[in-house]
Amino acid sequence: MKHVKWIFVVLLISSLTSFVEKDKPTGGLNVGDVAPDFKIESTSDKQQSIDLNDLKGKYVLLSFWASYDAQSRMQNVSLSNVLRSASHNNVEMVSVSFDEYQSIFKETIRKDQIVTPTCFVETKGEDSGLFKKYRLNRGFSNYLLDGNGVIIAKNISAAELSAYANKTKG
């Protein structure tokens, strides 16, 4: 009986610890923050660039990822697939990879069939100003911004994005 009490105490303490950790803010920015502006240029043949400020007035999904981070890569693909649907054209996706090699980025985009015209690579990786500005960690993040550039959702799943996009349509 004595061991059962100790097991119960240990379980209680560990569950309280995990509850407290869930309430701790994660790395990066949080819901309600204004997303920092940035400009990023493509290093591909198409010479495209995007300035986040130019997207004001639109809902924007910022997806930060890297090919070496399987979870963020899978999340990027699933979010891209949701927005590829014709019924979800009210959200603009800006996808930024932190792969250090352009060749790895291009191959990953090809394999994952990412067709967004706003998919970029930041070849400085975790040393880039953008990585630091958004206070990203390995594991990365995605952010859904409203028309004023305010973060309204963080680390949104594909199902949540689909529901949200359907709700804001029109």
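Here, the structure is the one placed above.
Parameters at a glance
Residues numbered from 1 in each chain as written. Predicted model: local features only at pLDDT ≥ 70, side-chain atom pairs only at ≥ 80, totals over all residues. Heavy atoms only, no water. Helix = DSSP H or I, 4+ residues; strand = E, 2+ residues; numbered from the N terminus. Buried < 20%, exposed > 50% of the residue type's maximum accessible area, 1.4 Å probe, protein only. Contact = heavy atoms within 4.5 Å. Pairing = 2+ DSSP bridges. Salt bridge = Lys/Arg side-chain N within 4 Å of Asp/Glu carboxyl O. Core = buried A, V, L, I, M, F, W, Y, C linked by side-chain atoms within 4.5 Å. Phe/Tyr/Trp six-rings, centres within 6.5 Å; stacked < 30°, edge-to-face > 60°.

Comments concerning the overall build of the protein
Item 1. A count of helical and extended segments in the protein gives five helices and seven strands.
Item 2. When the helices and strands of the protein are read in sequence order from the N terminus, they spell out α-β-β-β-α-β-α-β-α-β-β-α.
Item 3. Expressed as a percentage of the 170 residues in the protein, the buried residues total 43%.
Item 4. When contacts within the protein are restricted to residue pairs at least 6 apart in sequence, those whose partners lie at least 24 apart make up 69%.

A short note on the pairing of strand S3 (residues 59-65)
Within a regular beta strand, the side chains point alternately toward one face of the sheet and then the other, so they alternate between its two faces.
Item 1. The element S3 is extensively covered by neighbouring structure, given that six of its seven residues are classed as buried.
Item 2. When S3 meets strand S4 (residues 91-97), the two strands line up parallel, connected through seven bridges. Note that in S4 the partner of Ser 63 across the bridge is Ser 95.
Item 3. Here S3 runs beside strand S6 (residues 142-145); their pairing, made up of four bridges, is antiparallel. Paired with Ser 63 across the bridge in S6 is Asn 142.

Re the environment of Leu 62
Item 1. Following the sequence through the fold, Leu 62 ends up in strand S3.
Item 2. Separated by 10 residues in sequence, Leu 62 and Leu 52 place their C-alpha atoms 9.6 Å apart.

Side note on the pattern of salt bridges
Item 1. Counted by the stated rule, this structure contains two salt bridges.
Item 2. The closest approach of N and O atoms between Asp 112 and Arg 73, which form a salt bridge, is 2.8 Å. Separated by 39 residues along the polypeptide, Asp 112 in helix H3 (residues 102-112) and Arg 73 in helix H2 (residues 70-84) bring together distant segments of the chain.
Item 3. With a relative accessible area of 22%, Arg 73 lands in the partly exposed category.
Item 4. Here Glu 107 and Arg 110 are joined by a salt bridge, their closest N and O atoms 2.5 Å apart. Of this pair, Glu 107 and Arg 110 both sit in helix H3, separated by three residues, roughly a single helical turn.
Item 5. Relative accessible area serves as the criterion here: at 32%, Glu 107 is assigned to the partly exposed category.

Some words on the nonpolar core
Burial of nonpolar side chains together is a common tendency in soluble globular proteins.
Item 1. Among the nonpolar cores identified, the biggest contains 23 residues, and Leu 52, Leu 62, Phe 64, Val 94, Tyr 134 and Tyr 143 are the most heavily contacted of them.
Item 2. Going through the elements one at a time, S3, S4, helix H4 (129-133) and S6 are the ones with two or more residues in this core.
Item 3. In terms of residue count, S3 provides more of this core than any other element does, three residues in total.
Item 4. Discounting residues that sit within four places of it in the chain, Leu 52 has contacts with Ala 35, Pro 36, Asp 37, Phe 38, Val 60, Leu 62, Tyr 134 and Leu 145.
Item 5. By size, the runner-up hydrophobic cluster in this structure holds 13 residues, among which are Val 82, Leu 83, Val 91 and Leu 144.

Topic: the packing of aromatic side chains
Item 1. With the rule as written, the count across this model stands at 10 aromatic pairs.
Item 2. Ring geometry for Phe 98 against Phe 131: centres 5.2 Å apart, planes inclined by 85°, an arrangement best described as edge-to-face. You can see Phe 98 sitting in the loop between S4 and H3 and its partner Phe 131 sitting in helix H4, a full 33 residues away along the chain. Like Phe 131, Phe 98 is buried.
Item 3. An angle of 45° between the planes, with centres 5.8 Å apart, marks the rings of Tyr 134 and Tyr 143 as tilted. Both residues of the pair, Tyr 134 and Tyr 143, belong to the buried class.
Item 4. Cluster of aromatic residues (ring-pair linked, three or more members): Phe 38, Phe 64, Tyr 68, Phe 98, Phe 131, Tyr 134, Phe 140 and Tyr 143.

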